[in-house]
Amino acid sequence: SITAGAAASPGNEWASVVKKWLYGVNPSARIHFFNAGIGSTEAVFGVSRAASDVLSHDPDLIIVDSGGNNNGLPYAQEAYEGEITKFVSAGVPVVNFNCVFRAGQNVQDNCNKINTAYGVPQVSFRESFWALAQRKNIPDGLSADDIWSPDNVHPPNAGHRLCGNLVSSYLQGILD
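Source: prediction; values computed, not measured.

Caption draft 1: The arrangement of the layout of surface pockets in detail. Of the volumes computed, that of the largest pocket is approximately 1,200 Å³. Lining the largest pocket are 46 residues, with Thr-3, Phe-34, Ala-36, Ile-62 and Ile-63 positioned closest to its centre. Top element by residues in the lining of the largest pocket is helix H2 (residues 43–54). It accounts for 6 residues. One number sums up the size of the second largest pocket: a volume of about 220 Å³. Lining the second largest pocket are Trp-21, Leu-22, Val-25, Asn-26, Ala-29, Ile-31, Leu-61, Leu-171, Ile-174 and Leu-175. At the level of elements, helix H1 (14–25) and helix H7 (157–175) are the ones that each hand at least two residues to the lining of the second largest pocket. Of the residues contributing to the lining of the second largest pocket, the split by class is 9 nonpolar, 1 polar and no charged.

Below you can see the structure in the form of structure tokens.
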């Protein structure tokens, strides 16, 4: 749901922030950006959609936001590995991005071992901003209330902007 843009207004979800950045990097480049995020799903559904909803678009890069719906599921790690295996086997570079609930939970600890095994870099919102939010030291004068909606899970526009800028900054580092 976070990748799909829950709690953000259209065009402000983190994937759209990354899309705008990509189009700005080289305005003459031919870029087709596709967001396959669907709310209320987990990695098992992601594995079943990997070929039809992602690889069928012949991507040059895949950003996977393995989400909070996987928290506590006994098969989540295996399902996430299934997604990564399909993408890496297709020869497509993959980046794992993990958002975080306001209380600090996310699934990146479960993703770390798999990411390391498959050479997938991990971009972590928790490592970048969650601790700052607890200390009320978020960039641009934002507060935790600006980053998470009242459900304490989904980021509103400002939180999505932070997420998108974090992913874009990581990608810019690769380009540099």
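Caption draft 2: Representation of the pattern of salt bridges in the model. Applying the stated criterion across every chain, the model contains 4 salt bridges. A salt bridge links Asp-53 to Arg-49; its shortest N-O distance comes to 2.7 Å. Pair noted here: Asp-53 and Arg-49 are both in helix H2, with a separation of 4 residues, about one helical turn. The partner of Arg-126 in a salt bridge is Asp-109, with the nearest N and O atoms 3.0 Å apart. Of this pair, Arg-126 sits in helix H5 (residues 125–134) while Asp-109 sits in helix H4 (residues 108–118), and the two are 17 residues apart along the sequence. In the salt-bridge network here, residues are joined through shared partners; they are Asp-109, Arg-126 and Glu-127.

Caption draft 3: Layout of empty space enclosed by the protein. Taken as a whole and judged by the stated rule, the model has 1 cavity of 30 Å³ or more. By volume, the largest cavity amounts to about 40 Å³. Taken together, Ser-66, Asn-70, Ala-76, Gln-77, Tyr-80, Val-107, Asn-110 and Cys-111 form the lining of the largest cavity. Only helix H3 (76–89) and H4 provide two or more residues apiece to the lining of the largest cavity. For the lining of the largest cavity, the leading source of residues is H3, giving 3 residues. A breakdown of the residues in the lining of the largest cavity according to their chemical character gives 4 nonpolar, 4 polar and no charged.

Caption draft 4: View of H2. If you check H2, its first and last C-alpha atoms are just 14 Å apart, much less than what 12 residues at 1.5 Å a residue would give, namely 16 Å. For H2, the set of buried residues is Ala-43, Gly-46, Val-47, Arg-49, Ala-50 and Val-54. Residues of H2 that are buried in the fold lie against strand E1 (62–65) and H3.

Caption draft 5: A look at the sheet that holds strand E3 (residues 122–124). Spatial strand order, E1-E2-E3: 3 strands in an open sheet with parallel pairing. Two strands close off the open sheet at either side, each with one partner strand: E1 and E3. Each adjacent strand pair in this sheet contributes to an overall mean axis angle of 25°, direction not counted. Bridge count for E1 against strand E2 (residues 94–98) is 4 bridges, and the pairing is parallel.

Caption draft 6: A look at the packing of H3 against H4. As a packed pair, H3 and H4 sit with axes 10 Å apart at the nearest point and diverge in direction by 25°. Compared by their axis directions, H3 and H4 come out roughly parallel. In this structure, H3 meets H4 at a crossing whose hand is right-handed. Contacts between H3 and H4 involve Gln-77, Tyr-80, Glu-81, Ile-84, Thr-85 and Val-88 from the former and Asn-110, Cys-111, Lys-113, Ile-114, Asn-115 and Tyr-118 from the latter. Classifying every residue of the contact of H3 with H4 by side-chain character gives 6 nonpolar, 4 polar and 2 charged.

Scoring rules and cut-offs
- Residues numbered from 1 in each chain as written.
- Predicted model: local features only at pLDDT ≥ 70, side-chain atom pairs only at ≥ 80, totals over all residues.
- Heavy atoms only, no water.
- 1 Å grid on protein atoms, 1.4 Å probe; cavity = no way out; pocket = protein on both sides within 12 Å on 5 of 7 lines; lining within 4 Å.
- Points joined across faces, edges and corners; volume = space filled by probe spheres on them.
- Helix = DSSP H or I, 4+ residues; strand = E, 2+ residues; numbered from the N terminus.
- Nonpolar A, V, L, I, M, F, W, Y, C, P; charged D, E, K, R; others polar.
- Salt bridge = Lys/Arg side-chain N within 4 Å of Asp/Glu carboxyl O.
- Expected span 1.5 Å × (residues − 1).
- Buried < 20%, exposed > 50% of the residue type's maximum accessible area, 1.4 Å probe, protein only.
- Contact = heavy atoms within 4.5 Å.
- Pairing = 2+ DSSP bridges.
- Axes fitted to C-alpha atoms, helices over the stretch in contact; angles between N-to-C directions.
- Parallel < 35°, antiparallel > 145°, perpendicular 65-115°, else oblique.
- Left-handed = near helix turned anticlockwise from the far one by under 90°.

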